[in-house]
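Architecture and fold: a report
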Amino acid sequence: MTRAERRKAFWERNRKSGGYLLRKKIKSVLFSIGRAILIFGLCFLIVQPLIQKLCVSFMTEMDLYDTTIVSVPRHFSTESYSIAWRLYKGIPTFARSLGLSVAVALLQVLSCTLVGYGFARYKFPLKKLLFGFVILTLIVPPTTIVTPLFLYFGDFDIFGIIGKITGTGKGLNLQGKAIPYLMMCAACAGYKAGLYIYMMRQHFRNEPKELEEAAYVDGCGRLRTFFQILLPGARPMMVSCFLFAFVWQWTDQIYSRIFFPINTWDLVSTKLFNIVNLFDGENKARFGMGYVTQTAYSNQIQATGSLMALVPLLIIYVVAQKSFVESISQSGIKG
Amino acid sequence: MESEKTILDNVAETAGQAGDAAMAAAEAVSEDALDVLNAAEAEADATADALWQNADAAAEMAAEAVDAANETVTDGGVATKKAKSASVKSPKRKSKNLARGNAIAGLLFVLPFIIGFIIFLVYPLSMSVRMSLNKVSATSNGLSFVPVGFWKPGSNFYKIFRDEKDFIEAFVNELKRMLLFVPGILVFSFFMATLLNQEFKGRTVVRAIYFLPVILASGVFLGLDANNPLINNVKEVMRAENSFSNITNTLEDILLTGETGNKFFQYVIDIVGQVYDIAMASGIQIIVFLSGLQTIPPSMYEAAKMEGCTGWESFWKITWPLIKAMVLVNIVYTLIDFFTRTDSALMKLINDTLLIRFEYGKVAAMSWAYFIVIAAVLGVSALFFSRGVYYND
């Protein structure tokens, strides 16, 4: 059917329906236009700050003070990138952050998978209470426990065991080391571990029970069943948990600020948190104490800094977008 | 030896009987010892010393056996206990055995969490309770605690609620913001989920963008502007100067000059004014609603349409009942997310008290007051919204 014929048929049908078809068509077109505007506007709302940061980051200091320049820089420059890179201390900081995030995410995913499986498939005394505790770990604001934890790791001891082993009667001083936080992650006490346990539990609950029963009948032990039968199927969910854990560790500054002091353990997140102060300090060291860093300038450095911190995350997000989105819908979060 | 078997096999045996049987066993043992003695006498050729040593040892053994038997008589329960534990291993109770094995395996799987919970959560929490009830000061050899009690002048809780104006103000503001934000986030994310559930070109891209805030509004990025004192100054100047009229301001004026519904309009306008923050905080909620919407079979809507249901009716009769479980999940998630954010004025106050003024006791009291209120709000809203939730499975 050609276009003209189709148009003719449409008017014919419209005449027969007494104008109903045309009204319906107009309504649906108007609706989709309205929807498109709305969706575009709301998308713009989310992306705009990113675009603005990107534009600002390529300006020279001159452009920043020029009120006629809103977003497109007049003098293109990458100077702010080199400044931010210098303040970050470049590759070592990023490599350290990367290594730490991978280690933390791995430990969290492994321990939370085990625990989630235990909660999903086994009956044991106090199970409901323990799962209530999992939810409790989510509710406790990190600020409540961060101080005691920090002090605790200054003299770390588990019921006096370590003190007896070393013979000094005192615990270990683990402040400023990576071990405490890694231990916490391995023991499901890291940032948002409760959420990962919950997600893994939901996943295992949705797996058919017949899988394990068949394995048991064939003489598979409990551990082997878990590792050989259930773990391969849980890989997508584990990847999602890993990604979440990675992103949240990369950007975390509640725990990082306490456990990884700046200058000895530079991380991208803690550096970014202080980048304005660092920039100010650098300028004061160079031009004397009286130097006042312009707001717009420090703002630009901060924008560039956050863009640099975001780039690895955006790459991961673009590659693994499906994993992120589907994990939440697949886990079929239900009460 | 047979008498021992009788003990083990017979579960219902009374303590006295068990004792008797044990006595018999002891007698049997002493008889053995006598045999040894007899044998020793028969072998007269052997050296006398060794012989007498053997005999001594045998006699000792016999005496011990008798002692043991006496003990069993006085504490007959031991024998019955033994008998019970033996009976568990019998094949009749295999299913019970399996259940116990499963319980142990389950506990082993969950063990990392139990350990972590005790060491890294219960301990810090109890320490923070202790700190909140003490005047804590740092000395050269650790912290020193001076008890100040819970509620009297000079105690931490008294200080933060009576003396500290900042805390109360920040606290009340936070609760007010909650009333503004949580409904805003829920409505917005539900609205967006219904939009994204429809078919249109470029839907995947739009979805990706809407989920982006999960990254953009996490951790350090969220607190950046709040941490930048320079930007805050500029913002205030801009707000003061930004008084020229535009469409939104005019509309706001018109709506607010009306007599009725003033407060409601103010509320809506406040929400709209925060739309950026709301959009940034509703990434996960949108996905949760979206997944909920996608589990509703389209045939339901078709059937409703055939029966003459309008969109409005089918929303309240189909969508809402089926999505209610998601609403509950989202309320809980949003509340938790809202309260554990790091960029609120209250968190800033707590951090300042901790990192600048080093008042550990006060910080602990603040965190606890905050935590208890969170738990209360969560509990009440979960109770309120969990009524009449329909589960699909």
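Every value quoted in this text rests on a predicted model; they were computed, and no experiment measured them.

**Quick look at the overall build of chain B**
Assigned secondary structure in chain B consists of 19 helices and 2 strands. Going through the 393 residues of chain B one by one, you find that 39% of them count as buried. Within chain B, residue pairs in contact and separated by at least 24 positions form 65% of the contacts whose partners lie at least 6 positions apart. When the accessible area of chain B is evaluated, it comes to approximately 22,900 Å², of which 63% is carbon and sulfur surface.

**Notes on helix α7 (residues 165-196) of chain B**
A rise of 1.5 Å per residue sets the reference length of α7 of chain B, with its 32 residues, at 46 Å; its end C-alpha atoms lie 45 Å apart and thus fit the reference within 8%. Of all the bends in α7 of chain B, the largest measures some 25° and sits at methionine 178 of chain B.

**Looking at a nonpolar patch on the surface**
All names here are of chain A. Nonpolar side chains collect at one region of the surface, where Ile26, Val29, Leu30, Ile33 and Ile37 lie side by side and expose about 470 Å² of accessible area between them. Turning to its location among the elements, valine 29 is positioned in helix α2 (residues 20-57). Under the relative-accessibility criterion, valine 29 is labelled partly exposed at 38%.

**Some thoughts on the side chain of threonine 334 of chain B**
Residues and elements named next belong to chain B. Among the secondary structure elements, threonine 334 is positioned in helix α17 (residues 311-339). Classification of threonine 334 by relative accessible area gives buried; the value is 2%. From its side chain, threonine 334 meets the backbone oxygen of asparagine 330 in a polar contact 2.4 Å long. Sequence-distant contacts of threonine 334, defined by excluding residues within four places in its chain, comprise Val182, Ile185, Leu186 and Gln285.

**Points about the domain arrangement of chain A**
A common measure of how large an interface is: the accessible area buried when the components associate. Domain parsing of chain A yields domain 1 (3-49) and domain 2 (89-273). One C-alpha centre belongs to domain 1 of chain A, the other to domain 2 of chain A; they are set 51 Å apart.

**Things to note about the packing of helix α5 (residues 90-121) of chain A against helix α12 (residues 222-233) of chain A**
Residue and element names in this part refer to chain A. The N-to-C vectors of α5 and α12 enclose an angle of 95°; their axes lie 13 Å apart at closest approach. Classified by the interaxial angle, the pair formed by α5 and α12 is roughly perpendicular. On the side of α5, the interface is formed by Thr113, Leu114 and Tyr117, while α12 contributes Phe226, Leu230 and Leu231. Grouping the amino acids of the contact of α5 with α12 by side-chain chemistry returns 5 nonpolar, 1 polar and no charged.

So, how was this worked out
Residues numbered from 1 in each chain as written. Chains lettered and ligands numbered in written order. Predicted model: local features only at pLDDT ≥ 70, side-chain atom pairs only at ≥ 80, totals over all residues. Heavy atoms only, no water. Helix = DSSP H or I, 4+ residues; strand = E, 2+ residues; numbered from the N terminus. Buried < 20%, exposed > 50% of the residue type's maximum accessible area, 1.4 Å probe, protein only. Contact = heavy atoms within 4.5 Å. Areas by Shrake-Rupley, 256 points an atom, 1.4 Å probe, with all protein chains shown as cover. Expected span 1.5 Å × (residues − 1). Bend = angle between axes of the 7 residues up to and from the residue. Patch = residues over 30% accessible without salt bridge, like charges linked within 9 Å, V, L, I, M, F, W, Y side chains within 5 Å. Salt bridge = Lys/Arg side-chain N within 4 Å of Asp/Glu carboxyl O. Polar contact = N/O pair within 3.5 Å; in protein donor to acceptor, adjacent residues only side chain to side chain. Domains from an automatic or database assignment. Axes fitted to C-alpha atoms, helices over the stretch in contact; angles between N-to-C directions. Parallel < 35°, antiparallel > 145°, perpendicular 65-115°, else oblique. Nonpolar A, V, L, I, M, F, W, Y, C, P; charged D, E, K, R; others polar.

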